[in-house]
Amino acid sequence: MSDLANVYQLFRSKFEDNDFQYYYPPSYIRSLTECDDKIIFAFRKVQNHILSSEMDAVRPKQSPNSNGSASLDLTGSPLRDVSFEQFEEMNLSKEYHESSVQNLWTIDEETYAPLSTEKARSLLQAFISLECRIGRGSIWVLCCGTDSEQKVLLQLSVNAASNNQRHFTRGVVRFSGVQPSNSITLGQLIDIHRQRAGEGMKFSPKIQIQQWCKLHAQITLRLSWNAMGEGSTFAIERNARVRLSQEFPVNNGAFSRSSPAEYFWQQLQRLAMMRERIMDIRANRESGYARNDVCGEAEMDLEYIKQKVNNILSSFLEVEPVTYNSSTIIDMVSLVQKRKLTDVMERLYDALTLCSSYEDLKAAIDYIFHLSTHSNIVNVPTNGTRFSQLILAMIQDRLAIPLLTGSEPYELLLECGFSKLMNDYRTIFTEAGIYELEFEKLFQPQVTNTRKSRYATGNGPQLDAHHGAPSKRSATQLFQSAAGDERVREKSILLSNFDEDEVKLRLNRLAQVHLLLEHLLLLESAVNVPSIYGRVCELYLGRAPYSYGEVYNRRTDLLEFELDEFMLLRKADHVLPCARRVTMSSANMLQKLETVFYQNVKPILPGRFYPQFECKELDSKHEFWCYEYDRIESL
């Protein structure tokens, strides 16, 4: 754990000619050290001269609308509108891969220019000479690499002991050139380390090896194992630890245009829009009554919807047992999307989403209530939503016809939409044999919040901004039995029970479930190891979800987990590594030398600052950019 705030202030006051930051390390330092503790980083700030077109290629696209959570239309996409099969053939779009995964460093790191090696060394030496007894952590300086050893980074780790004596550890990173991957052997790396250690240090036979390989444009495997002795090779051990990393290209919602699960994401969008309308109506904004594509594109007139509703409630439906014989997730997604709706409330929800306006929606629900009290209903809803409870109570003559006001039509529709979408996801995961989704647990808030939204159900009547005065039958009124006998009254049904925080949590969790489904579809198409799917679901759903708006604005979504799976090792056997990290050490009574050999098929430092490192054409088609990180510590 680093604590260098005082040292940072000292650097800024004593060495004003240089630029410093006290923050998490740049990407290239994390690659070499695998440490995320805050560091002091010294460099020279320059203006980023990347052309705007190049910046656009790597910068996340902005939402089509600028008002955050109100921007819920995900149809705009920088990707071509192609089928899923075509998208897969393009390997998740060659254009996307080349433009967004071109560099291993970030855009901000393009502004971190190096210092000369001599200046970097004198800077660290001057700090050692200063009277600063407080601090714990690492100081790194970016170097230009023009010296004979091609040093690109210098490190000084400081640890202030309890006796007020400072303990220093020095580190240096050198660029050792571009080499064909098949020409690098573990024996050569051991020889380099031993030469640096000298005769006075004893070599430790334990060597840590990490190797990365790409199974797909967005899927990387990291294999970790220990090698022992002089004759070790880079052959992957059968007991290697496996870490799978998958970056799904959310790309500001563009993924939905090419996804086989697009239908379900559109359903989630619709629910988010309904929530926005409810919030607007409860805040007395006239915009809440505007249609604004809440109910979908396929609009119908009110008479058609009434006839459809009448058929749903009054006509017998022949129900056949549904059997899903699909063995793949993508086929199950298609089957659930095209399934015949048999649940009464799901069918009613499907019909009500055809309404073209708020008035039509309100009239259609009122028509359902009148049918429930005056007609012979043969299809009785039983799915447990408040809407179904109201219909059932009216069918049984236990409830007078309620008068809907304000946001109540949308609230009833929203609850039915949540129920249908949860049923869709549950069916996909269960029937595909992936995972048992328990929404009751997923919807439980992680942190108890006693504060309620000002838009949640209150104690007073709800103002119907669309119709003027508050209604006598307000949103919080409990509708009692039409019978006057108090002894036979059934339990009251709360017509309006909207809770902003609860609905937000449901949206967030369902967005997380959908991204999980997208991850599984990508895993199935690229890796196809069904035995890992359950573990993926368990780990992914175990973390806190992003908000719906954050999901929309993400460029990629990372799925990363460790597992013990022999099938993944077999898939990595014949794939050339894209990166490798080898760690070895030697020590004596006074010092310890640790050397990290890091190799990557791409340079890890911005090329604009290191033109001398430009590699010439080699005969080999698979080369590594090689770096050596020596860290010497006094014992």
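Residues numbered from 1 in each chain as written. Predicted model: local features only at pLDDT ≥ 70, side-chain atom pairs only at ≥ 80, totals over all residues. Heavy atoms only, no water.

Peer 1: What's the story with unusual backbone geometry in this structure? I'm lost.
Peer 2: Among all residues save glycine, negative phi is the norm, and among peptide bonds the norm is trans. Of note in this structure, Gln150 is not a glycine but carries a positive phi near 55°. Tracing the backbone shows Gln150 in the loop between strand E4 (136-142) and strand E5 (151-160). Here Asn528, not a glycine, exhibits a phi torsion of approximately 55°, which is positive. Take Asn528: it is sitting in the loop between helix H16 (500-526) and helix H17 (533-541). On the basis of relative accessible area, Asn528 is assigned to the partly exposed category, the value being 47%. (Helix = DSSP H or I, 4+ residues; strand = E, 2+ residues; numbered from the N terminus. Buried < 20%, exposed > 50% of the residue type's maximum accessible area, 1.4 Å probe, protein only.)

Peer 1: When you look at helix H12 (residues 358-374) in this model, what are you seeing that I'm missing?
Peer 2: Because an α-helix packs 3.6 residues into every turn, residues spaced three or four apart end up facing the same way. Its 17 residues give H12 an end-to-end C-alpha distance of 24 Å, which sits within 8% of 24 Å, the value for a rise of 1.5 Å per residue. All of the buried residues along H12 are Tyr358, Asp360, Leu361, Lys362, Ala364, Ile365, Ile368, Phe369, Leu371 and Ser372. Buried residues along H12 sit in contact with helix H8 (262-282), helix H9 (302-314), helix H11 (344-352), helix H13 (386-395) and helix H14 (408-431). (Expected span 1.5 Å × (residues − 1). Contact = heavy atoms within 4.5 Å.)

Peer 1: Where do I start with the side chain of Arg275 in this structure?
Peer 2: Positionally, Arg275 belongs in helix H8. Under the relative-accessibility criterion, Arg275 is labelled buried at 9%. Apart from the residues within four sequence positions on either side, Arg275 is in contact with Phe498, Glu500, Val503, Lys504 and Leu507.

Peer 1: Just checking my understanding: could you explain the pattern of salt bridges for this structure?
Peer 2: Side chains that carry opposite charge are capable of pairing whenever their charged atoms lie near each other. By the definition in use, this model includes 29 salt bridges. Residue Arg581 pairs with Glu34 through a salt bridge whose shortest N-O separation is 3.8 Å. With Arg581 in strand E14 (residues 579-587) and Glu34 in the loop between helix H2 (27-33) and strand E2 (39-45), this pair connects stretches of sequence that are 547 residues apart. By relative accessible area, Glu34 is classed as partly exposed at 41%. Across the salt bridge formed by Asp557 and Arg543, the nearest N and O atoms sit 3.8 Å from each other. With Asp557 in strand E13 (residues 557-563) and Arg543 in the loop between H17 and helix H18 (548-553), the pair connects residues that are 14 residues apart, well separated along the chain. You can call Arg543 partly exposed: its relative accessible area is 29%. (Salt bridge = Lys/Arg side-chain N within 4 Å of Asp/Glu carboxyl O.)

Peer 1: What is the right way to read the pairing of E14 from this model?
Peer 2: Put simply, side chains in a regular strand alternate between the two faces of the sheet. Buried residues dominate E14, accounting for eight of its nine residues. Direction of pairing for strand E7 (residues 202-203) relative to E14: antiparallel, over a ladder of two bridges. The residue of E14 that forms the bridge with Phe203 is Ser586. Summarising the sheet, E14 and strand E15 (residues 591-600) pair through nine bridges and their orientation is antiparallel. Across the sheet, Ala587 pairs through a bridge with Lys592, a residue of E15. Once E14 ends, the chain turns through three residues before running back antiparallel as E15. (Pairing = 2+ DSSP bridges.)

Peer 1: What am I meant to see in the side chain of Ser181 here?
Peer 2: Looking at the secondary structure, you find Ser181 in the loop between strand E6 (166-180) and helix H7 (186-197). Overall, Ser181 belongs to the buried group, its relative accessible area being 13%. Of the polar contacts made by the side chain of Ser181, one reaches the side chain of His622; its length is 2.7 Å. Apart from the residues lying within four places of it in its own chain, the contact partners of Ser181 are His622, Glu623 and Phe624. (Polar contact = N/O pair within 3.5 Å; in protein donor to acceptor, adjacent residues only side chain to side chain.)

Peer 1: Help me understand the pairing of E2, please; the structure alone is not making it clear to me.
Peer 2: Of all seven residues that make up E2, five are buried, and the element is covered over most of its length. Across five bridges, strand E1 (residues 19-23) lies against E2 in antiparallel orientation. Bridged to Tyr22 within E2 is Ile40. Summarising the sheet, E2 and E4 pair through three bridges and their orientation is parallel. The residue of E4 that forms the bridge with Phe41 is Trp140. Of the strand pairs in this sheet, E2 and strand E3 (residues 112-113) are connected by two bridges, and their pairing is antiparallel.

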